Each structure stands twice: as C-alpha cells, then as structure tokens.
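# Commentary on secondary and tertiary structure
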Amino acid sequence: MGTLPAAPSLLLLLAGAAGLCRAFFFLPLRVSHPAAPGGSPPAPVVLRPGSGSRQQDSLGGADGLALASDPGGTLNFLAMVENLQGDSGRGYYLEMLIGTPPQALNILVDTGSSNFAVAGVPDADVTSYFNTELSSTYKSQGIDVTVKYSQGSWSGVLGTDVVTIPKGIYGSYTINIATILESENFFLPGVKWHGILGLAYDALAKPSSSVETFFDSLVRQAKIPNIFSLQMCGAGLPVSGSGTNGGSLVLGGIEPSLYKGDIWYTPIKEEWYYQVEILKLEVGGQNLKLDCREYNADKAIVDSGTTLLRLPEKVFSAVVQAIARTSLIQEFSSGFWTGSQLACWDKTERPWSLFPKLSIYLRDENSSRSFRISILPQLYIQPILGIGENLQCYRFGISSSTNALVIGATVMEGFYVIFDRAQRRVGFAVSPCAEVDGFPVSEIEGPFTTADVASNCVSSVSFHEPVLWIASYALMSLCGIILLVLIILLLIPPRCQHRYTDNDVVNDESSLVRHRWK
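Within any chain, residue numbers begin from 1 and follow the written order of that chain's sequence. Only residues with pLDDT of 70 or above have their local features reported here, since the model is predicted, and side-chain atom pairs are shown and tallied only from 80 upward, although totals for entire chains, interfaces and linings are computed over all residues. Water and hydrogen atoms were dropped before computing side-chain values, which therefore reflect all heavy atoms in the structure.

### Things to note about the overall build of the protein
Each helix and strand in the protein was counted, giving eight helices and 34 strands. Accessible area is worked out with a 1.4 Å probe on protein chains only. A residue is then buried under 20% of its type maximum, exposed over 50%, and partly exposed in between. Taking all 518 residues of the protein together, the buried fraction comes to 53%. Areas reported here follow the Shrake-Rupley algorithm with a probe of radius 1.4 Å; residue values treat only the protein chains shown as occluding. Carbon and sulfur atoms make up 53% of the accessible area of the protein, which amounts to about 23000 Å² in all. Counting from the N terminus, the helices are the DSSP runs of H or I reaching at least four residues and the strands are the DSSP runs of E reaching at least two.

### Describing the sheet that holds strand β20 (residues 286-287)
What the five strands build is an open sheet, ordered β20-β19-β24-β25-β34; its pairing is antiparallel. Edge positions in the open sheet fall to β20 and β34 (442-449), since each of these has one partner strand only. Pairing between strands requires that DSSP locate at least two bridges from one strand to the other. As defined by bridge partners, strand β19 (residues 278-283) adjoins strand β24 (residues 358-363) across five bridges and the pair is classed as antiparallel. Looking at the pairing, Ile-278 lines up with Leu-362 of β24.

### Some details on the state of the cysteines
In plain terms, two cysteine sulfur atoms within 2.5 Å form what is called a disulfide here. The tally for this structure, following the rule as stated, stands at three disulfides. Paired by a disulfide, Cys-233 and Cys-433 hold their sulfur atoms 2.1 Å apart. Between Cys-233 and Cys-433, the S-S dihedral sits near -90°, and the bridge is therefore left-handed. With Cys-233 in strand β14 (residues 227-233) and Cys-433 in the loop between β31 (425-430) and β32 (435-436), this pair connects stretches of sequence that are 200 residues apart. Cys-292 shares a disulfide with Cys-457; S-S distance 2.1 Å. Given an S-S torsion of about -95°, the disulfide between Cys-292 and Cys-457 has left-handed geometry.

### Some thoughts on the packing of aromatic side chains
Ring pairs are drawn from Phe, Tyr and Trp, using the six-membered ring of Trp, whenever the two centres fall within 6.5 Å, and their geometry is named by plane angle: stacked under 30 degrees, edge-to-face over 60, tilted for the rest. Scanning the entire structure with this criterion turns up 23 aromatic pairs. Ring geometry for Tyr-380 and Phe-396: centres 6.2 Å apart, planes at 80°, overall edge-to-face. One end of the pair, Tyr-380, is in helix α6 (residues 377-380); the other, Phe-396, is in strand β27 (residues 391-396), with 16 residues separating them in the sequence. The class of Tyr-380 is buried, set by a relative accessible area of 0%. Its relative accessible area of 4% is what places Phe-396 among the buried residues. The rings of Tyr-201, Phe-215, Phe-228, Tyr-274 and Phe-419 are connected pair by pair, giving a single aromatic cluster. Charge over a ring is defined by NZ of Lys or CZ of Arg lying within 6 Å of the ring centre and within 35 degrees of the ring normal. Sitting over the face of the ring of Tyr-361, Lys-280 holds its NZ or CZ atom 4.6 Å from the ring centroid.

### Things to note about helix α2 (residues 214-222)
Burial within α2 is extensive, with eight of its nine residues counted as buried. Of all the positions in α2, only Phe-214, Phe-215, Asp-216, Ser-217, Leu-218, Val-219, Gln-221 and Ala-222 are classed as buried. Trailing α2 by a residue or two, Lys-223 shows a phi angle of about 60°, which is positive.

### Remarks on the pattern of salt bridges
By definition here, a salt bridge exists when the distance from a side-chain nitrogen of Lys or Arg to a carboxyl oxygen of Asp or Glu is within 4 Å. For the coordinates displayed, the defined rule picks out 17 salt bridges. Between Arg-369 and Asp-364 there is a salt bridge whose closest N-O contact spans 3.3 Å. A salt bridge links Glu-445 to Arg-372, with the nearest nitrogen and oxygen atoms 2.9 Å apart. A residue pair is termed long-range when its members are at least 10 positions apart, and Glu-445 in strand β34 and Arg-372 in strand β25 (residues 369-375) qualify at 73 residues. Assessed through its relative accessible area of 30%, Glu-445 is described here as partly exposed. Connected via shared salt-bridge partners are Lys-269, Glu-277 and Arg-363.

Below, the structure is given as structure tokens:
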C-alpha cells in the first residue's frame, strides 16, 4: 500500500468534442493502495488475548444481526456515525486509545488485510507512535511479524494491550497488536494515520492464521454480532485535499440512517479477503461481453484499503476502450488512463457530463438472480488538485491489476457496505452522502436474471496462501529429491562411467532450471 509520487509538469493540451472543454495533462502525485498482503510463511503461533473489562449484554448473540441501537448497552450505532476521517486518496481512519494510560492514535480502516499494527518507533512520516514502555498493560509476545503489500511493507513484534474506541463500542478490550519497528513505503508524507486496522479474515493474518484478529477479539469479548458496516463520504471531493472527509465504521450491526432504499446482498465466496462473484460489467449501459471468469481472475474482493477500482488487465483494457468510445471526448491521452497524467479543465466546467456510467453486476443470494451497483463519473473521474485560479485537475479512478478485481474506495464511496460475516455475505445500499451538487452519484438496481451467465464465474481452485504454501513445500521437496539423485550420480566412481572413444559424439549442454513463485 502507499503512494507513488511524481513531479508535476505540464505536458499537453487537448480539445474536447464540439468545443465542450479543454484539458491539460501533467504528471500527478498518484495515490494508490492495493492491499494484497504477502510475507513470511505461517508459523505455529497461538495468540488469543484475555477478556477485557466487563461489558453489558449486547443486542443479540455473536451470530445475530443488530439493526438498531441500545444507547444504554454495549452497542450504540448513532455514536459511531461520523467516527471516520480521511479521503479516498490516503484512506479513512479511526481514532483509537491504546494502552494504560491511553495513547491516542489514528488507525487506517482496511478490509483487505487482517493485522492490527501501529507505529512503534518515531518515523519521519508519522506524527505519533505507540510507546510500549509507557503502557503498564502492554505485553510483548516476542514474535516477529512482517506484512508485505503490493506497495509497501512493515516489520515489527507482536504483543497485546487494551484498546478503547471513543466513537465505537463501549469498554476496553485486550487485542493483538503488532508494533511496527521498520517500514518501507508504508507511512508516507501527508498521511494522518499511525497504524492499520485489518478487518479481513484470520486466513490473511501474519505470521499465521492462529493470530486472533481485532474484530474476532471484539466479537468474542464484547459478545457483539459478527457484522460491521462501512460508509466513506468522499464522493466528488478532492482525493488528497488539505481537509478531511467524514465516514462511519459501525461495529456490530447496521445503522439505518446511513443508507436509503434496500440492501442487496451477494455471497462471500471465500473467507480470506471479502471475495465476491462478479457476473458482468457495463459501460454506458453496454455489456462488455467478456467471459465472466475474466472479471474474477483470480479473485474479486471488496477492499476499503485500496483507493481505486482495480480491474484485471483484460477487463481494464475493455473498460478504457468502452469509456473512450462512449465519452464525448473524441481524443484522449493514454497517460490519463494509465494514471501517469492528470486531466485539467476550467473550474467553471464540469467534465463529468462527458463520461458514461459504469455498472458492476453481482450475484444475488438467490443464485438465479443478480443486481447491479452503478457509479456515475463523479466517482471515477476524481478531482485531485487545482492549478492557479482557473484550472481543476482530475485523475482516472480506475487502474489495472495483475491478480484481482478490487472494489476499492472509488466504488465504495457510493455505497453503505455491510460485511455480514455471520451470514457470509456482503451487502450494498445507496449512501446518502454519495451526492454531488445535490444529485446522487450511485445507484443499485435489480433483480436481473442470470440465465445468460455461467453458473459459476469463480475458479474452483482457491489460490489463497495456505494452498500456495503447500504447493511450494511440495515443489521444494521434489527439487530436493532431484538434487539428491544428481549428487549421487556425480559421486559414482569413474570406472562405472562410460569411457568415450574418439568416434563418440559428445554434446554436454548444461541447463539451469530456476523456480520462482509468489
């Protein structure tokens, strides 16, 4: 995760169709966090923190669904409204109090990873860090942990301490915390958070899945329902402005004031990331007509820690071609689509009218039906900075990916997203804050038939990390056996070897076999 800075430099002026607009292009400060954890092989670690302070009974059991608040109990969803700050370019963060006495830190909310980690030493790019020596309740586990993302990584030590969320559930809870001692391209200039809250499943936790995740600890200790919901309110606002936008992380249920209309649910296909099944994409109402497996290669996930909508390369190319074909701009620089350039218009103009709507079809809980979530250009043509008094510059909020379709902040800012882990499903509803100039910029429609779509668009083989480790160990064992045979052959006495005569033709051509895996 992280940003890719580049120096701004004015490059090109393009005329819009029929004289509707003019666009300048220059290299931007790009912001992108595709959270795709990697790292060390799992170790047999069992970490289950003890219970926190005594709590009042929640609204329901840990497997239930809370739809309303009890102001006098553990859950008060209204108190969690507007508990996030941030923007789609640098992520949305939550204030937490860690340790005894409490130390206040801002923590990035990330549904695409599973470790809870905070800066544990001073860093030039963070304003605060968690000083374990000042906390009387911190306990080090002495276990090293490293988490690698597609951009950025960190290393630290696992421990436990008490955590309180001022605008969350009541009480303090003992949680597994990794203190970050070293990092590379993780904390970046301008970010206002000091750690990361991974809310995905324990299959992604490092150094092994036996490390209980933050949310699993809350469900177990506070007895809250196994569900949380997320609203990010940055539609149409600068992705990396000087201010911050709002948002809400509701732990334990659904807050009715944060959505309008119906909630549409799609099943979670695998419990590691929040993996879902995409059936098709439309640009301007036109079906891309790709094999549905292309949309899920090799997974499709919902990830708040990724700033953009990321598409597999073949899908990305088709989307760009469709947008360019259906937009009112006849000619456009390729650098805008690849993220290396910004497009700038006069501040009096609204370029969004030049671009089409983008729709994503998800399989419904009833597998014979689907529903579609649609984002208007206000969500994927994103304002990023101004030049002087007259120009406003925008970036393309969609990028290509080599290994996943990622529904990131570009899309999530249009919806209230429910992560219903108890019933193994992800829900989408229109967010009231997804409006620009008083008009909604997101839509949900359905149901639609799936008769024209394959019954299963997801590969039957799930290449998540445990499988990869088994495969890698098997391959290493095979390589070891082959190496042993070669050594034995080299040690055979010369008298047992064939002695070539002058008439023999010898073609001894060495080969080097290299095995590389991710």
